[in-house]
Amino acid sequence: MNRTGITTPSPTFLMSEPTSPHSVSQRVRIITLGCAKNEVDSEEIAGVLRGEGHVVGANEDADVTIINTCGFLESAKQESIRTIQQAVASKGNGRVIVAGCLAQRMGEELRRLAPGADLYVGVGQMARFGALVKDVFGHAESRVEVTPPHHRWADVATRARTGKAWSAYLKISEGCDHRCTFCTIPSFRGNHVSKPIERVVEEAHHLVKTGAKEINLIAQDVTQYGYDLYKEFTLPKLLRELNEIPGIEWVRLLYFYPNRLTDEVLDAMADCEHVLPYVDIPLQHVHPDTLRRMKRPWDGDRYLALFDKVRARLTRVAIRTTFIVGFPGETEAEFSALLDFVRTARLDRVGAFTFSREPGTPSYEMEGQVPARVKQERFDRLMRAQQGISLAINRTYEGHSLKVLVEEAKDGWVAGRSFRDAPEIDGWVYAQGDAVPGSIVEVKVTEGRIHDLYGHLAGVTAPKRRALTPLTMSGPSAPQ
Ligand code: SF4
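Residues numbered from 1 in each chain as written. Predicted model: local features only at pLDDT ≥ 70, side-chain atom pairs only at ≥ 80, totals over all residues.

The next subject is the overall build of the chain. Per the secondary structure count, the chain includes 15 helices and 19 strands. Computed over C-alpha atoms, the radius of gyration of the chain comes to 23 Å, within 12% of the 23 Å expected from 2.2 N^0.38 for 480 residues, which places it in the range of a compact globule. Seen through its C-alpha atoms, the chain measures out along the principal axes to roughly 65 × 60 × 45 Å. Taking all 480 residues of the chain together, 48% fall into the buried category. The long-range fraction of contacts in the chain, counting pairs at least 24 apart against all pairs at least 6 apart in sequence, stands at 76%. (Helix = DSSP H or I, 4+ residues; strand = E, 2+ residues; numbered from the N terminus. Rg over C-alpha atoms; globule rule 2.2 N^0.38 Å. Buried ≥ 20, exposed ≤ 12 C-beta atoms within 10 Å, placed from the backbone. Contact = placed C-beta atoms within 7 Å.)

Quick look at the structure:
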């Protein structure tokens, strides 16, 4: 939900030998747009196809191109449409399958806007991709196959990982039961459906066996996990079971919903040594009137009380949130309440979006749409207010040591992430010294900047301050 971008599967993981002698082997290219949940879906599709004897990981010469689309925001929709158009233009005798959120959200309309694909199919169909690939060669006409979302979890062992071996996403549920008035997700991902607990644990075992040290549990709302299956909120039980898996180092949770971050969840997080004290809890706003228009719970005072409780129960916790600025009807007073909250709450990380008016959502029709210029100006003010806070908090780490999962090593420097840094979302820790990517090392922090921390590995002599400029590292917030 926070990221967009194209991921083409890494040949290292996906160029595997066909395992079934009975099917016609096709060369398949998978293009993934959007969030980590889509990445997981694409890995499941790749695993299913590999099991059916296809070779996944082809490029322009593919027999079949599968585009796993994102339909979350208008900007993501445009990117998906452009990608479909490019794939159709270059398909030659091959086939193009459009899958995922945008196909689910728009169906026939997507075929009208981005015509020429052989099949448009919705979400939750990962287990069927063997049949779908066979099918597109049996039909001359383009087809749209979108039904209400119905999730069939693919076989654990089929998932073909594309990311770094040491860090993996694990989807614990699909869909969402909330109805935030700005959000399109429930309309195309459906209501919340949990993956059975034994399936999640089995998948975690599989990920650890294949090299994962960090497992990032993902769902639209992790706090709701299990209720549909077990009639009780099962996240604490799940965390305790995952914590026992030999070889698991870090379990990270993305994302919490405010009114279900209960004592039981906090107790489980505090008790489980491998569950990171990292709380990513998108609040979207804090003024009660804005929140009611958003159909979101509580208000800023209750959120502050919640953070007090979180900080009391989880020592040295990192808290992250995201806000929407310029929601319809947001007055200057409502926005000021948000600014005051940011200054008072002093959170480790704050992200913000300007409100995006999405067709089909209740907020699209609301009166009081805020002009783009005002939205941008409020966004800038909010980000500026947070910068000083981030810097001050990062400086509190100076002189302390942190465990860091190394992502990259080059020229006597490593770049990695601590418990405070979710992959592709937060900052980096840059440290002088040598270590193998995928290892977890101890870093002594010598300097905190707005986004990132700098330091050196244990046993490495503290570098002079001027030397702290590893300009060739490729972290997302590269050293300024
Ligand atoms: S909690 Fe709200 S914003 Fe998040 S996915 Fe559900 S409806 Fe959308």
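Back to the write-up after that little detour.
In this section: the site of the ligand. The full set of residues close to the ligand is Cys176, His178, Arg179, Cys180, Cys183, Ile185, Pro186, Gln220 and Asp221. Residue composition of the shell around the ligand, grouped by class: five nonpolar, two polar and two charged. (Near = placed C-beta within 6 Å. Nonpolar A, V, L, I, M, F, W, Y, C, P; charged D, E, K, R; others polar.)

Helix-helix packing is described using two parameters, namely the angle between the two axes and the distance between the axes. Viewed as axis vectors pointing N to C, helix H8 (residues 197-209) and helix H10 (residues 235-243) meet at an angle of 30°, and their least axial separation amounts to 10 Å. Here H8 lies roughly parallel to H10, going by the angle between them. Handedness of the H8/H10 crossing: right-handed. Within the contact between the two elements, H8 uses Ile197, Val200, Val201 and Ala204 and H10 uses Lys237, Leu238, Glu241 and Leu242. Tallied by class, residues from the contact of H8 with H10 come to six nonpolar, no polar and two charged. (Axes fitted to C-alpha atoms, helices over the stretch in contact; angles between N-to-C directions. Parallel < 35°, antiparallel > 145°, perpendicular 65-115°, else oblique. Left-handed = near helix turned anticlockwise from the far one by under 90°.)

Moving on, we come to the sheet that holds strand E19 (residues 453-457). The five strands lie next to each other as E15-E16-E17-E19-E18, forming a closed barrel whose pairing is mixed. Direction aside, neighbouring strands of the sheet carry axes that sit 50° apart on average. Of the strand pairs in this sheet, strand E15 (residues 401-410) and strand E18 (residues 440-448) are connected by five bridges, and their pairing is antiparallel. Note that in E18 the partner of Val404 across the bridge is Val441. (Pairing = 2+ DSSP bridges.)

All right, on to the domain arrangement of the chain then. Domain parsing of the chain yields domain 1 (11-145), domain 2 (163-395) and domain 3 (401-467). Spacing between the C-alpha centres of domain 1 and domain 3 amounts to 38 Å. (Domains from an automatic or database assignment.)

Another aspect to go through is the sheet that holds strand E1 (residues 27-32). The strand order across the open sheet built from six strands is E2-E1-E3-E4-E5-E6, with neighbouring strands paired in parallel fashion. Unpaired on one side and paired on the other, strand E2 (55-56) and strand E6 (143-145) mark the two borders of the sheet. Relative to strand E5 (residues 119-121), strand E4 (residues 95-100) is paired through two bridges, and the arrangement is parallel. From the neighbouring strand, Ile97 faces E5, where its bridge partner is Leu119. Strand contacts of helix H2 (residues 36-51): E1, E2, strand E3 (64-69) and E4, with the helix running at about 170° to E1, the strand carrying the most contacts.

Here we come to the packing of helix H14 (residues 332-345) against helix H15 (residues 372-395). Between H14 and H15, whose axes approach to 9 Å, the crossing angle comes to 15°. Considering the angle they form, H14 stands roughly parallel to H15. Considering only the axes of H14 and H15, their crossing is right-handed. Residues Phe335, Leu338, Leu339, Val342 and Arg343 of H14 lie in contact with H15, whose contacting residues are Arg378, Arg381, Leu382, Ala385 and Gln386.

So, about the environment of Arg128. Considering the arrangement of structural elements, one finds Arg128 in the loop between E5 and helix H6 (129-136). Sequence separation of Arg128 and Val48 is 80 residues, and the distance between their C-alpha atoms is 8.1 Å.

The next thing to look at is H6. Of all the positions in H6, only Phe129, Leu132, Val133 and Val136 are classed as buried. The buried residues of H6 all sit within an arc of 100° when viewed along its axis, so they share a single face. Buried-residue contacts for H6 involve H2, E3, E4 and E5. (Arc of directions from axis to C-beta.)

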